[in-house]
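Chains, contacts and geometry: an overview
Residue strings, one per chain:
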Amino acid sequence: MNRRSFLTSFAIPGLAQEPHGTATSDSRDTRERSLLSVPSLDRYTGPWNRATRMHLLRRTILAPKYSEVLATDGMSMDQLVDQLTAPLADVPAPPEYTARWMDASSMYYDSNRLDISHAFRDELRRWWSGLMIDSPLNVRERMALFWHNHFACDGAIDPDHRLIYIQNQLFRKFAVGDFKQLVRLVSVDRAMLYYLNGITNRADAINENYARELQELFTLGVMDNNGTPNYTQQDVREAARILTGWSFIPSGINDTPTCYDYWHDTKDKVIYGQTIKGTGYYGDQELDKLIDLIFSREQTARYIVRKLYRFFVYTDTRLTPFTPIAREIEDNIIAPLAEEFRSSNWNVGAVLKKLFLSGHFYDRNIIGASIKSPVDIFVGTARAMTTGPRTAEELEFLTHVLQRDTTETGQEVFDPPGVQGWQFYRTWISSTTLPQRRFYTDALIDGENIYYQKVLGAIDAAPTQVYGHTQLPVLPFAKQFASFDNDVEQLVADITEHLLAYPASARLKQQLLDALLQGQPAYEWQSLENSLKEARLNGMLKFLMRSSNYQLM
Amino acid sequence: MKRRTFLARTIPATLAAPLIFNGFRLDALGQSFLPALAMDDASDRVLVIIQLAGGNDGLNTVIPVDDDAYYKARPTIGIKKESALTLNSEPLLRLHPSLSGLQHMFNDGQLAIVNNLGYSGYSSSHFTGTEIWNTASGSTTADSHATGWIARYLQQEFPDFPKTLPDYPPAVQISPSTSSIFGLASSTIGIALSDPKSFYDLVNGKPNVVDDDVNDTFAGREWEYIETINSQSLGFSTIIKDAADRAKNIATYPAGNALGESLAIVARLIAGGLKSKVYMVSLGSFDNHSNQLETHADLLSRLGNAVKSFMDDLVALGIHERVVGMTYSEFGRRVSDNGSGTDHGAAAPHMVFGTPVDGGKMFGGLPDLQNLDNAGNLRQSIEFQCYYASILAPLFSLPDSRLSSILPVNLCDPTHRIPIYKSLAVGVSEGSRGAAALLSISPAPASMESTLQYRLTRTERVVISLHDIGGREVLKIDRGIQSAGTYAARMDISRLPAGTYFCGLRAGAFNDSRPLVVVR
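Residue numbers here run from 1 along each chain, matching the order of that chain's written sequence. Chains carry letters from A onward and ligands carry numbers from 1 onward, assigned in written order. With pLDDT at 70 or above as the cut-off, local features in this predicted model cover only qualifying residues; side-chain atom pairs require 80 or more to be listed or tallied, and sums for whole chains, interfaces and linings still use all residues.

1. Quick look at the overall build of chain A
Inclusion rule: Helix numbering and strand numbering both begin at the N terminus, where a helix is a DSSP run of H or I of at least 4 residues and a strand a DSSP run of E of at least 2. Between the buried cut of 20 or more and the exposed cut of 12 or fewer other C-beta atoms within 10 Å of a residue's own C-beta lies the partly exposed class, and all C-beta atoms are placed from the backbone. We call two residues in contact when the distance between their C-beta atoms, placed using the backbone, is within 7 Å.
Along its length, chain A carries 24 helices and 6 strands. Out of the 553 residues belonging to chain A, those deemed buried represent 48%. A separation threshold of at least 6 residues defines the contact pool for chain A, and within that pool the share at least 24 residues apart is 73%.

This is how it looks when you write it as structure tokens:
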């Protein structure tokens, strides 16, 4: 095997040159510092062009359709950011099978019919992919995914499979809303009560599971940016005592969880050095006080803002709060955004708006620096190549393969790997998942026959086999570009601009051009039959999607 | 492909051939089996790491059945003494009823228990705890600058990785993604694969795009990372598939047991000659806050059955003398149950298995349920870094000068290490040395062909190879698995340049070699 020349000719930061133990964090940080101009939340004043707009769209709605690129060409930065971060009033209707279940009155669980539970979640996954593909110009679906990862919850653990749908709509409703209110609601959300054992947390049998994750993962984080722990084991214990007794009688889909007094620990609790008086049987008031206390601590805003930063801007896990470069981001980006978060009464939209208007968000270091998650790469590909409306059946077949693709490459929606959620960043890319990603983008372009089990008709009917075919519209996609007919070099430029955030090198562009021309002179392109053009575009798009550039956004 | 640089370090090229040969023997830390110049580099031993993700409940795995405090603390999930499985040499401890496979291994001397493993200032977070066990840096926080402890060992073996790729992956993980145990400063030294065939097909089915235009930005750095992973998967897919194709599992693995399936792949890769030094597999869902009795029994039966099959397979394949397995988990669980499960705890037992292991023994003492910490957790009697050091250093013949840049040895000086092995410290067991004998090579010198005669005293997998003076393998004859008897292997040397070569015989863990001069 020949080692790629780029590795020997180019000094790679942090790679191989430093045997472990000899590199001080100082030397690495000095090098990283030179990569980044001083990060600042000051308003972006550089050129507002298609490239910057597309960057904003990729990070907020996944990859934009070409029609969306054209539609936003005339929009100012404020207009576009306002539209992307505004709360949406409408709530998308549930898909057909889900809707039927939501009308049924009783709780549903039958361990002999797990196929129904699977069918339910599979339909939800297709539905959600469809919402992402055809979302309006708004950050809502992406934020719903953020919350699904933040409050990671396994949909398979519910005795009632509908609870994960209810939780998912909650995330949509609070996409850019009041985070404090969301934490309060998630703490007694039924799927969460099941998943982190809230329903078995009782005065005589304290279960710390939710109490720990509430602090470690959902609000405070393990430690502050000086490495001081944000809570103690004692705080976990006391929070668990405050949370005792929450349960619900599984009798109907609209049950409200209640704090049952005979399971609630009625004694005083001391958390973060403060006493929460035992309120007798008013466990809901104690929960309110617990949430108040958590949100009175500075680290809560910091922790959430850091997580939003990593999701929307840049995720290098080495950017811990302990390094100088991270401190620059911490001091100049995270801290003021956390202040905005608090002063806006925990309004997530306000934080995002400030971030998307900042010069830092459009820094050339940041554009193309985010490694695509499986949802980004597969749903994003389908989105970027959407040229018009699909029939319900076409959308179902497409989203069926998308949910398989994302699952196989490590992101099974409604089944995160654990309560810490997906770790994003480089964890997406391994020697297994990288070739898998290429295999499945190939399949999206080549098209494939599909068959799967689908439950139709009555809610507990046996599943039936569905057969179909799905393929992304390669030719209509390319025809959108004015250069399609007679300027093949411009066509390559147009397609790479549309599909790549990390720009194509001259060499890659030449390879893509070669794929279209196959040794013929450029002027031959215009005389090619459309069927030939399509076949060559197939090869060209697969090649492009196999590039490392395409793994980034 | 570039020759691995570490070979150049170990072989003083200025010495005359026989001296190199003898010098290599002497130089190799006194291990008499060491052999075969460059045949297996310093050693062909293998470490298999089994992660029990989620925090395994040690007290219900290795149960202190005569301790009343145990039953008092666990009224609902305590395992009754009469249903737990006995351990011959340890009357005060029994195994969970699902662990019959491990019970047999313990009583047969193939498995040792190391009890009360942990560390001071422990974390109760899954994520942080896992990072601490994976990095073993001595820090008690998740330091994202820290590299994995296995990565630090392998980086010593492959100092130019990934700039220069060796001809086999240093470590393999049967998983879609790699653990931070293999994490380098900016890359990973582990190859992740779900199964060798599909890995090969995926990588080689279509051309892979490579580019060489790098931006000096954050974005450019991520782009380079992806290119690096690309090169690794391209480079290793063929050799991994070839190894998997060369061997077949002999033992039967339990059906529907993903851990067993992963270990079956590991056994095949080792038996098929893949020289990776470390393998990792994992079993998840140990976070049993509720419904523990049922869930934990199922998990432990998966673990026990898979490991027992793996051990049986290693023996049947004749590779058991050079493979050692170990478990780890981010923490144990709380001593007191919570009504139906257990919350996050601290110290816990883990297991080491394999033929070289001084099995049937328990190290680290009984859990002390009378002396819990403030949170009601067990205190450790052995630092987990010491557990790592005790396994790693003898296995790969690492002197403290090397070990000290892998693990914080201040937590574990040599006198405190656990004597886990019965045979490794002085070389591989007598048994394996007697397993085979290299009888003769004739004619020697030779020019067209030469025949190697050897004798097997039991069934072993036999590989014959010829290396040149630079350590390059120039000929390899895989004889497959052969039963006891005397055999002859003919080597075609007609196309080799004149010079001194080393002819190696490997039969299971047995290794020997002799010089062969080729004349023209």
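Next comes the rest of the write-up.
2. So, helix α11 (residues 384-395) of chain B
Residue and element names in this part refer to chain B. Applied cut-off: Multiplying 1.5 Å by the helix residue count minus one yields the expected span of that helix.
For α11, built from 12 residues, the straight-helix expectation of 16 Å at 1.5 Å per residue is met to within 8% by its first-to-last C-alpha distance of 17 Å. Burial analysis of α11 places 12 of its 12 residues in the buried class, which makes it a mostly covered element. Within the sequence span of α11, burial applies to Phe 384, Gln 385, Cys 386, Tyr 387, Tyr 388, Ala 389, Ser 390, Ile 391, Leu 392, Ala 393, Pro 394 and Leu 395. Ser 397 lies just past α11 and shows a positive phi near 50°.

3. Regarding the environment of Val 401 of chain A
All names here are of chain A. Its location among the elements puts Val 401 in helix α19 (residues 392-408). Exposure remark for Val 401: the 23 C-beta atoms within 10 Å place this residue in the buried category. Separated by 48 residues in the primary sequence, Val 401 and Asn 449 place their C-alpha atoms 9.9 Å from one another. Not counting the four nearest positions on each side in its chain, Val 401 is found in contact with Glu 448, Ile 450 and Thr 470.

4. Here's the deal with the packing of helix α7 (residues 114-133) of chain A against helix α18 (residues 374-384) of chain A
Residues and elements named next belong to chain A. Put simply, the rule reads: Orientation is described by axes fitted as lines to C-alpha atoms, over the contacting stretch for helices, and by angles from 0 to 180 degrees between their N-to-C directions. Geometric relationships in this document are graded by angle, where less than 35 degrees denotes roughly parallel, more than 145 denotes roughly antiparallel, 65 to 115 denotes roughly perpendicular, and other angles denote oblique. Note: crossing handedness is left-handed where the near helix turns anticlockwise from the far helix by less than a right angle, and right-handed where it turns clockwise.
In the contact formed by α7 and α18, the axes pass within 9 Å of each other and the chain directions differ by 50°. As summarised for this structure, α7 and α18 are arranged oblique, according to the angle between their axes. For the crossing formed where α7 meets α18, the hand is right-handed. Contact with α7, carried on its side by Ser 129, Met 132 and Ile 133, involves Val 379, Ala 382 and Arg 383 of α18 and no other residues of that element.

5. Examining the packing of helix α20 (residues 433-446) of chain A against helix α24 (residues 530-546) of chain A
Residues and elements named next belong to chain A. The line we're drawing: Residue type decides the class: Asp, Glu, Lys and Arg count as charged, Ala, Val, Leu, Ile, Met, Phe, Trp, Tyr, Cys and Pro as nonpolar, and the leftover types, Gly among them, as polar.
Their axes nearest at 9 Å, the elements α20 and α24 cross at an angle of 155°. Comparing their axes, α24 and α20 come out roughly antiparallel. Here the hand of the crossing between α20 and α24 comes out right-handed. Contacts between α20 and α24 involve Arg 438, Thr 441, Asp 442, Ile 445 and Asp 446 on the former and, on the latter, Asn 538, Leu 541, Lys 542, Met 545 and Arg 546. Of the residues in the contact of α20 with α24, the class split is 3 nonpolar, 2 polar and 5 charged.

6. Some thoughts on the environment of Cys 503 of chain B
Residue and element names in this part refer to chain B. Mapped onto the fold, Cys 503 is located in strand β18 (residues 499-507). Taking the C-beta count within 10 Å as the criterion, Cys 503 has 25 such neighbours and is therefore assigned buried. Note: C-alpha distance between Cys 503 and Leu 452 (51 residues apart in sequence) is 8.6 Å.

7. Considering the sheet that holds strand β4 (residues 94-95) of chain B
Residues and elements named next belong to chain B. As a reminder of what qualifies: Any two strands with at least two DSSP bridges between them are considered paired.
Taken together, the 3 strands give an open sheet; going across it, the order is β2-β4-β3, and neighbouring strands pair in antiparallel fashion. Of all strands in the sheet, those bounded by a partner on one side alone are β2 (62-63) and β3 (85-86). Two strands pair when backbone bridges link them, and β3 and β4 are joined in this way by 2 bridges, in the antiparallel orientation. The residue bridging Leu 85 from the neighbouring strand is Leu 95, located in β4.

8. Some points on the confidence of the model for chain B
All names here are of chain B. Our working definition: What pLDDT conveys is the predictor's confidence in a given residue, as a value from 0 to 100.
Residues with a pLDDT of 70 or more make up 86% of chain B, whose mean pLDDT is 83. Residue range residues 1-42 is modelled with pLDDT below 50. Its contacts to residues more than four positions away, or to other chains, number 62 contacts. Model confidence for the complex: the whole-complex pTM is 0.77, and ipTM, which rates the interface, is 0.84.

9. Quick notes on helix α12 (residues 209-219) of chain A
Residue and element names in this part refer to chain A. Taking burial as the measure, the 11 residues of α12 include 11 buried ones, the bulk of the element. Of all the residues in α12, the buried ones are Asn 209, Tyr 210, Ala 211, Arg 212, Glu 213, Leu 214, Gln 215, Glu 216, Leu 217, Phe 218 and Thr 219. Tucked into the core, α12 has its buried residues touching α8 (140-150), α10 (179-187), α13 (233-242), α14 (283-295) and α15 (298-312). Taken from the residues just after α12, Gly 221 is the one with a positive phi, measuring 85°.

10. So, the sheet that holds strand β15 (residues 460-467) of chain B
Residues and elements named next belong to chain B. The 4 strands are arranged β16-β15-β18-β19 in an open sheet whose pairing can be described as antiparallel. Among the strands making up the open sheet, the edge pair consists of β16 (473-482) and β19 (510-518). Shown here is a sheet whose adjacent strand axes are inclined to one another by a mean of 15°, direction ignored. As paired strands, β15 and β16 are joined by 8 bridges and run antiparallel to one another. If you follow Leu 466 over to β16, its bridge partner there is Leu 475.

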